[in-house]
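Here is what each chain is made of, one letter per residue.
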Amino acid sequence: MKVRFSFDEAAVKRRGYTLEAVHQTVKSLFAAHDLPCVSNGNTLSFQDKDHGDDFACMWDIILSLLRAEWFMDCAAACVWEDEGGEEDVLAQAGKVCGR
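(A) Local environment of the nonpolar core. In this structure, Val3, Phe5, Phe7, Val26, Phe30, Ile62 and Phe71 are the most contacted members of the largest nonpolar core, which totals 27 residues. At the level of secondary structure, the elements contributing two or more residues to this core comprise β1 (2-7), α2 (19-31), β3 (44-47), α3 (54-66), α4 (69-74), β4 (75-82) and α5 (89-97). Ranked by residue count, the leading element in this core is α3, at 7 residues. Ignoring sequence-local partners within four residues, the contact set of phenylalanine 7 consists of Val12, Leu19, Val22, His23, Val26, Trp70, Phe71, Cys74, Ala75 and Ala76.

Below is the structure:
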């Protein structure tokens, strides 16, 4: 399992943040659950470690981000990837979070 994030730099700046601060915030959420950042450029990518609770932890983080106004304003992409393929999580955010 993997999840990828990218952010709209102009939207990040409009909110008074830096891209680095946004990246660090997202990284810290995953690091708290020992889920590694495996791509650290313009797109952040996090991968499971084959632990039994990785799926639940990853989705808890994703759902908390989707509920955060700053994230929804700044996110350009959030894509979930597993053996079943890819899913555009932002496109589904309205169904999940009532937006």
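Structure shown, so let's carry the discussion forward.
(B) The pairing of β1, seen in detail. The sheet contact formed by β1 and β3 spans 4 bridges and is antiparallel. Along β3, the bridge assignment pairs lysine 2 with glutamine 47. Pairing geometry for β1 and β4, over 6 bridges, is antiparallel. If you follow phenylalanine 7 over to β4, its bridge partner there is alanine 75.

(C) How the structure looks around the environment of arginine 67. Mapped onto the elements, arginine 67 comes out in the loop between α3 and α4. Separated by 26 residues in sequence, arginine 67 and alanine 93 place their C-alpha atoms 8.7 Å apart.

(D) View of the side chain of serine 6. In this fold, serine 6 is placed in strand β1. Apart from residues lying up to four places away in sequence, serine 6 is in contact with Asn42, Thr43, Ala75, Ala76 and Ala77.

(E) Representation of the packing of aromatic side chains within the structure. Inspection of every chain in the model, using the stated rule, returns 8 aromatic pairs. For the ring pair phenylalanine 7 and phenylalanine 71, a centre distance of 5.9 Å and an interplane angle of 85 degrees mean the geometry is edge-to-face. You can see phenylalanine 7 sitting in strand β1 and its partner phenylalanine 71 sitting in helix α4, a full 64 residues away along the chain. For the pair phenylalanine 7 and phenylalanine 71, a shared accessibility class is recorded, and that class is buried. An aromatic cluster is present here, built from Phe5, Phe7, Phe30, Phe46, Trp70 and Phe71 joined pairwise through their rings.

Definitions and cut-offs
- Residues numbered from 1 in each chain as written.
- Predicted model: local features only at pLDDT ≥ 70, side-chain atom pairs only at ≥ 80, totals over all residues.
- Heavy atoms only, no water.
- Core = buried A, V, L, I, M, F, W, Y, C linked by side-chain atoms within 4.5 Å.
- Buried < 20%, exposed > 50% of the residue type's maximum accessible area, 1.4 Å probe, protein only.
- Helix = DSSP H or I, 4+ residues; strand = E, 2+ residues; numbered from the N terminus.
- Contact = heavy atoms within 4.5 Å.
- Pairing = 2+ DSSP bridges.
- Phe/Tyr/Trp six-rings, centres within 6.5 Å; stacked < 30°, edge-to-face > 60°.

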